[in-house]
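# Geometric and topological summary
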Amino acid sequence: MKKYISITGVVVLVLFFDQWLKIWVKTHYRYGMETPIFGQSWAKIGLVENIGMAFGWGLGADWGKLALSLFRVAAIIFLVVYLRRMIRAGTPTGLLTCMALILAGAAGNLIDSIFYGKIFSASEPYSQGPAILFPRWGGYGGWLHGKVVDMLHFTATFPDRLPYIGGKEIFPYVFNISDASICIGVTCALLFYRGQFENVKKTEIFTGEIQGQESL
């Protein structure tokens with residue numbers, strides 16, 4: 001029960017900060033506007049949106065957006081079932097936390113996809129002001145067609161003396177807390193808990209017979 005509570009807490013915490021920051025940015029920034037974070041010129045917060053996955057990857061067009069939204073729904077259902085069975089199998093808390101971060105990140109961007117088209121007015125380049133939450137004339141899109149809000153941009157560059165990459169941004173993508181949560185969860189799981197996945201047979205995920213190691 002303690003693991004259920006702690007893992008749920010991780011998911012809720014990530015979702016809270018992710019959605020709070022997205023709503024704040026959406027209602028305070030014009031599209032494309034950026035300001036420094038704590039006065040640092042290399043770290044900026046602003047507003048861009050994408051219709052795809054993390055870091056702007058996507059399929060394009062309305063059908064692509066719908067397909068990605070439905071894929072997120074399926075992925076979240078799978079992760080919830082997988083996490084529940086991992087907890088019951090006594091999987092180490094660290095690996096469970098990694099999976100919870102991935103689940104929270106996927107859920108955070110799914111919330112954008114499902115609801116933002118209905119509850120926000122459009123944010124467009126060269127717009128006169130920020131978007132409005134719950135506009136009286138309705139939102140800019142339909143269910144499952146909302147755009148994912150991104151806001152964090154780190155513009156640090158490689159030293160100019162380096163060949164080929166000198167002067168280029170180290171990480172040119174604009175991302176959000178959900179994207180960061182997924183990346184941290186995946187990276188930590190691969191670096192520190194890779195061997196744990198070898199203890200779980202693929203067919204056993206769906207039968208409820210997962211055999212994992214005792215929690216550390």
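Residues numbered from 1 in each chain as written. Predicted model: local features only at pLDDT ≥ 70, side-chain atom pairs only at ≥ 80, totals over all residues. Heavy atoms only, no water.

### Re the pairing of strand S3 (residues 148–154)
Within S3, six of the seven residues are buried, which leaves it mostly tucked inside the rest of the structure. Summarising the sheet, strand S2 (residues 40–50) and S3 pair through six bridges and their orientation is antiparallel. Among the inter-strand pairings, Asn-50 is bridged to a residue of S3, identified as Val-148. (Buried < 20%, exposed > 50% of the residue type's maximum accessible area, 1.4 Å probe, protein only. Helix = DSSP H or I, 4+ residues; strand = E, 2+ residues; numbered from the N terminus. Pairing = 2+ DSSP bridges.)

### Some thoughts on the pairing of strand S1 (residues 34–37)
Looking at chain direction, S1 and S2 are connected through four bridges and run antiparallel. Of the residues in S2, the one forming a bridge with Glu-34 is Gly-46.

### A word on helix H4 (residues 177–192)
An ideal rise of 1.5 Å per residue puts 22 Å on 16 residues; H4 measures up with 22 Å between its terminal C-alpha atoms. Here H4 has its buried residues at Ser-178, Asp-179, Ser-181, Gly-185 and Ala-189. Taken around the axis of H4, the buried residues stretch over an arc of 165°, which confines them to a single face. Facing away from the buried side of H4 by over 90 degrees, the exposed positions are Leu-190, Leu-191 and Phe-192. Packed against the buried residues of H4 are helix H1 (2–28), helix H3 (93–119), S3 and strand S4 (174–175). The N-terminus of H4 is capped by Asn-176, whose side-chain oxygen sits 3.0 Å from the backbone nitrogen of Ser-178. (Expected span 1.5 Å × (residues − 1). Arc of directions from axis to C-beta. Contact = heavy atoms within 4.5 Å. Polar contact = N/O pair within 3.5 Å; in protein donor to acceptor, adjacent residues only side chain to side chain.)

### With respect to a nonpolar patch on the surface
On the surface, a cluster of nonpolar side chains totalling about 550 Å² of accessible area is made up of Leu-13, Phe-16, Phe-17, Trp-20 and Trp-24. Tracing the sequence through the fold places Trp-24 in helix H1. (Patch = residues over 30% accessible without salt bridge, like charges linked within 9 Å, V, L, I, M, F, W, Y side chains within 5 Å. Areas by Shrake-Rupley, 256 points an atom, 1.4 Å probe, with all protein chains shown as cover. Salt bridge = Lys/Arg side-chain N within 4 Å of Asp/Glu carboxyl O.)

### Thoughts on the pattern of salt bridges
For the structure shown, the criterion picks out three salt bridges. Across the salt bridge formed by Asp-18 and Lys-22, the nearest N and O atoms sit 3.0 Å from each other. Linking Asp-18 with Lys-22, this pair stays in helix H1, spanning four residues, or about one helical turn. Owing to a relative accessible area of 1%, Asp-18 belongs among the buried residues under this scheme. Salt-bridge contacts for Lys-22 lead to Asp-112; the nearest nitrogen and oxygen are separated by 3.1 Å. With Lys-22 in helix H1 and Asp-112 in helix H3, the pair connects residues that are 90 residues apart, well separated along the chain. As far as burial versus exposure is concerned, Lys-22 and Asp-112 are alike and both buried.

### Here's the deal with the packing of H3 against H4
With their axes 7 Å apart at the nearest point, H3 and H4 run at an angle of 155° to one another. By the angle between their axes, H3 is roughly antiparallel relative to H4. As for the relative orientation of H3 and H4, their crossing is left-handed in sense. Residues Leu-95, Cys-98, Leu-101, Ile-102, Ala-104, Gly-105, Ala-106, Gly-108 and Asn-109 of H3 form the contact with H4, whose participating residues are Ser-178, Asp-179, Ser-181, Ile-182, Ile-184, Gly-185, Val-186, Cys-188 and Ala-189. Partitioning the contact of H3 with H4 into residue classes produces eleven nonpolar, six polar and one charged. (Axes fitted to C-alpha atoms, helices over the stretch in contact; angles between N-to-C directions. Parallel < 35°, antiparallel > 145°, perpendicular 65-115°, else oblique. Left-handed = near helix turned anticlockwise from the far one by under 90°. Nonpolar A, V, L, I, M, F, W, Y, C, P; charged D, E, K, R; others polar.)

### Structural notes on the packing of aromatic side chains
Scanning the model with the defined rule gives ten aromatic pairs in all. For the ring pair Phe-16 and Phe-17, a centre distance of 5.2 Å and an interplane angle of 80° mean the geometry is edge-to-face. Accessibility expressed as a relative area gives 42% for Phe-17, which makes it partly exposed. Where Phe-171 meets Tyr-173, the ring centres are 5.4 Å apart and the plane angle is 70°; that geometry is what we call edge-to-face. Taking the relative accessible area as the measure of exposure, Phe-171 reaches 31% and is therefore partly exposed. One Lys or Arg, Lys-26, reaches over the ring of Phe-120 and ends 5.6 Å from the middle of that ring. (Phe/Tyr/Trp six-rings, centres within 6.5 Å; stacked < 30°, edge-to-face > 60°. Lys NZ or Arg CZ within 6 Å of the ring centre and 35° of its normal.)

### As for the confidence of the model for the protein
Counting all residues, the mean pLDDT for the protein is 86, and 85% of those residues have values of 70 or more. Taken as a whole, residues 209–216 scores under 50 in pLDDT and shows 25 contacts with residues more than four places along the chain or in a different chain. (pLDDT = per-residue confidence, 0-100.)

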